[in-house]
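# Fold and contact review
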Amino acid sequence: MGSGATADKPQSKCWYHDGSWWSVLFDGAEGSFFYRFADGMWRRQTFPDALIYPALPTRADVLSQGDTLFVLEWEAVAPRLYKYIYQSNLRRYHLIPGFPVRLNLPTGHETLVIARDSNSVSWLTFEHAGKVKAVCSNANDYLVWDVDGVKIAEGLKDDDIGSIIAFEGQIGVFWSNQNTQSLHFRVHRDGAPKETWERAELVARGGYVADDHINLARGTDGRIYAVTKTSVDDVEGPVNGPTQAQIV
């Protein structure tokens, strides 16, 4: 599908809607398209807004909520947020006027992930210059964003990353810190001031437990599951710490 077409690690490009699985993928030549799984195979869509972004491989995160779909296309300089409405009679997605919105974030971040809280505020998280930041939208239209963001943590390597997820009236940010070989989680209660976050929780520490590979999912029981890669492959022999595995 093209180099980097399914990057990056915290991002998800698949969703289920109206009886079908959908995905955003690079076609290897023309750009990033909507795909739908039908008749046993993934089929590139041809409706008017099926081409999301031309030429470059896809580094996207999607958020599907009912007939509303957000597609966050990563770019080092100015990522773009797309908002679509699903038209069930035509089985296609329609781009809402005013989108995409360019997010003028500081250059040097590696990846972006989107989540939406119970008050319809959308959140992004990213690592930049050793800090984890959370950025939130205007709750009404998602056209206005506080791109300066709120600092969630600091003291990270530039190679570290974070991810974000909505659950049980909260937004949670999970991140790696390879400088301290630790993993952390921090929560924002829906409706609280954007600067007000709970104390950071230590998930794991030591033994090369941290690397820049994270993916989050919410279970039907409300629990948050994190899949991470360790750095035990960077050293020879057993290490002292919580695990000897590469994937936890």
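Reference entry: report on the structure contained in this document. Just so we're clear, the structure is a prediction, and the values are computed from it rather than from any experiment.

In this section: the nonpolar core. Across soluble globular proteins, nonpolar side chains have a tendency to be buried as a group. One finds Phe34, Val71, Tyr84 and Tyr93 to be the most contacted residues of the largest nonpolar core, which totals 37 residues. Contributing elements (two or more residues each) for this core: strand S2 (20–26), strand S3 (31–38), strand S5 (51–54), strand S6 (60–65), strand S7 (68–73), strand S8 (80–87), strand S9 (92–95) and strand S12 (122–128). Beyond its immediate sequence surroundings of up to four residues, Tyr84 is in contact with Phe34, Asp49, Ile52, Asp67, Thr68, Leu69, Val71, Tyr93, His94, Leu95 and Ile96. Counting 16 residues, the second-largest nonpolar core is a separate cluster that includes Val113, Val150, Leu156 and Ile171.

Within a beta sheet, neighbouring strands are joined by backbone hydrogen bonds and run either parallel or antiparallel to one another. Pairing within the open sheet is antiparallel, and its 4 strands lie in the order S15-S16-S17-S18. Two strands close off the open sheet at either side, each with one partner strand: strand S15 (162–167) and strand S18 (201–205). Going from strand to strand, the sheet's axes swing by 20 degrees on average, the running direction of each strand aside. With 8 bridges connecting them, strand S16 (residues 170–177) and strand S17 (residues 182–189) associate as antiparallel partners. Paired with Ser176 across the strands is Leu183, a residue of S17.

To continue, consider the pattern of salt bridges. Side chains bearing opposite charge may pair, as long as their charged atoms lie close to each other. Applying the stated rule across the entire model yields 15 salt bridges. Residue Arg218 is joined to Glu168 by a salt bridge in which the shortest nitrogen-to-oxygen separation is 2.7 Å. With Arg218 in strand S19 (residues 214–218) and Glu168 in the loop between S15 and S16, the pair connects residues that are 50 residues apart, well separated along the chain. Accessibility expressed as a relative area gives 41% for Arg218, which makes it partly exposed. Of the charged contacts, one joins Asp221 and Arg223 as a salt bridge, the two residues approaching to 3.7 Å between their closest N and O atoms. Residue class for Arg223 comes out exposed when judged on its relative accessible area of 56%. Here the salt bridges do not stand alone but share partners, grouping Asp8, Lys9, Arg59, Glu110 and Asp212 into one network.

At the junction of Phe99 and Pro100, the peptide bond is cis and its omega measures out at 10 degrees in the coordinates. Tracing the chain through its elements places Pro100 in the loop between S9 and strand S10 (101–102). At Ala129, a residue that is not glycine, the phi angle is positive and equals roughly 55 degrees. As for its placement among the helices and strands, Ala129 is situated in the loop between S12 and strand S13 (131–136). Its identity is not glycine, yet Gln181 carries a phi of approximately 45 degrees, on the positive side. As for its position among the elements, Gln181 is in the loop between S16 and S17.

What counts and how
- Residues numbered from 1 in each chain as written.
- Predicted model: local features only at pLDDT ≥ 70, side-chain atom pairs only at ≥ 80, totals over all residues.
- Heavy atoms only, no water.
- Core = buried A, V, L, I, M, F, W, Y, C linked by side-chain atoms within 4.5 Å.
- Buried < 20%, exposed > 50% of the residue type's maximum accessible area, 1.4 Å probe, protein only.
- Helix = DSSP H or I, 4+ residues; strand = E, 2+ residues; numbered from the N terminus.
- Contact = heavy atoms within 4.5 Å.
- Pairing = 2+ DSSP bridges.
- Axes fitted to C-alpha atoms, helices over the stretch in contact; angles between N-to-C directions.
- Salt bridge = Lys/Arg side-chain N within 4 Å of Asp/Glu carboxyl O.

Purely spatial values, then, with no claim about function.
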